[in-house]
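Chain residues, written in single-letter form:
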Amino acid sequence: MRGRFFKSKKFEINLSIGGSLPASSEDNQAREGMPDLDTMAELGPGLLATLWESKGDSSFKLGLNIPLRSAISLDFWEVKERGLVFNPLLYFITEDFLAPKVFSFTGLSTVIASQKFHRVFYQVDAPYVTDMRAQYQAHGGYLSTTLSQGFSRQLFKDVMGFIGVSYSHYKGSANYNSPLM
C-alpha cells in the first residue's frame, strides 16, 4: 500500500507501507521454545521512476520502485522499533497482454536490511540454544532476491483480479548460516 505525495509523468514520491502477520513459534520446528514473532509493520518514503514506456496496441512500461522503510513490531501492549528495510524493485508491465484489460507483471527485487531487523528473524540468544539450534549473532545486509510473475484482469470498474507466482533466492544472505534460515 502506498500514498502519493508527488507525481509527474516519470516520477512519484510516496509513503509506502508493508509488513507481515504474526507467527507462532510452536508452529515452526526451528523456532520451537522461542518467543513468537509479532505483527511487523514497515513505513517509509519511496521513489517510483518510469525508466521506459511504449504506447501502442500493447503498452509496455519498465519501472523502478525504491522504498526505504522503518520496521516496527506490534504486540498488544508494546511497539518496538525493528530497524530499516531497503527493498528496490525493477518491474516490467505489459497492458492488454494477450487480451484487452489483461496486465502482465514481471518483477525482480532484492531485500537489504539492518542488523536490528535481521535479529528479529535470525538471531538465537543463549537462553534459546538447543541441541538442534546453536547460538547465532545476526548480521545486517543482504537477505534475498525475488523474481515474480503475475497477471491481472480488470473484472469490474473498480475491481481487479490477480494471480501470480514468485521465486525467492536466499543463498549468499547475510544470515544464511543462521539455524533459523
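Residues numbered from 1 in each chain as written. Predicted model: local features only at pLDDT ≥ 70, side-chain atom pairs only at ≥ 80, totals over all residues. Heavy atoms only, no water.

Next up on the list: the packing of aromatic side chains. Under the defined criterion, the tally for this structure stands at six aromatic pairs. The interplanar angle of 50° and the centroid separation of 5.3 Å between the aromatic rings of F117 and F121 together place this pair among those described as tilted. Of the two residues, F117 and F121 are both situated in helix α1 (residues 115-122); the distance of four residues between them amounts to about one turn of the helix. Taking relative accessible area as the criterion, F117 reaches 7% and is therefore assigned buried. Among the residues examined, F121 registers a relative accessible area of 23% and is labelled partly exposed. A centroid spacing of 6.3 Å and a plane angle of 50° characterise the contact between F121 and Y122, whose relative ring orientation is tilted. Under the relative-accessibility criterion, Y122 is labelled buried at 10%. Aromatic ring contacts, followed pair by pair, group W52, F60 and F92 into a single cluster. (Phe/Tyr/Trp six-rings, centres within 6.5 Å; stacked < 30°, edge-to-face > 60°. Helix = DSSP H or I, 4+ residues; strand = E, 2+ residues; numbered from the N terminus. Buried < 20%, exposed > 50% of the residue type's maximum accessible area, 1.4 Å probe, protein only.)

Let us now look at the environment of L51. Its location among the elements puts L51 in strand β3 (residues 39-54). Along the sequence, L51 and F103 sit 52 residues apart, while their C-alpha atoms lie 18 Å from each other. Excluding anything up to four places from it in sequence, L51 contacts L62, G63, L64 and L90. (Contact = heavy atoms within 4.5 Å.)

Residue position: Q123 is located in the loop between α1 and β8 (141-156). Side chain to side chain, Q123 and D125 meet in a polar contact 2.8 Å long. (Polar contact = N/O pair within 3.5 Å; in protein donor to acceptor, adjacent residues only side chain to side chain.)

Glycine aside, the phi torsion of most residues is negative, and most peptide linkages are trans. Unusually for a residue other than glycine, D96 sits at a positive phi of about 55°. Relative to the helices and strands, D96 resides in the loop between β6 (89-94) and β7 (102-113). Looking at D96, the relative accessible area reads 34%, which means it is partly exposed. A positive phi angle, near 65°, is found at L98, a position not held by glycine. Tracing the backbone shows L98 in the loop between β6 and β7. Taking the relative accessible area as the measure of exposure, L98 reaches 80% and is therefore exposed.

Another point: the confidence of the model for the protein chain. Mean pLDDT over the protein chain stands at 92; residues scoring 70 or higher make up 98%. Looking across the protein chain, the model is least confident in strand β1 (residues 2-7), with a mean pLDDT of 79, and most confident in α1, with 97. (pLDDT = per-residue confidence, 0-100.)

A few words now on the side chain of N65. Along the chain, N65 turns up in strand β4 (residues 60-74). N65 gets classed as buried once you look at its relative accessible area, which sits at 16%. Ignoring sequence-local partners within four residues, the contact set of N65 consists of L47, L48, N87, P88, L89 and Y91.

Taken together, the side chains of E26, D27, E32 and D36 define an acidic patch exposed on the protein surface. Inspection of the secondary structure puts D36 in the loop between β2 (11-20) and β3. (Patch = residues over 30% accessible without salt bridge, like charges linked within 9 Å, V, L, I, M, F, W, Y side chains within 5 Å. Areas by Shrake-Rupley, 256 points an atom, 1.4 Å probe, with all protein chains shown as cover. Salt bridge = Lys/Arg side-chain N within 4 Å of Asp/Glu carboxyl O. Lys, Arg positive; Asp, Glu negative; His and termini not counted. Charge placed at Lys NZ, Arg CZ, Asp CG, Glu CD.)

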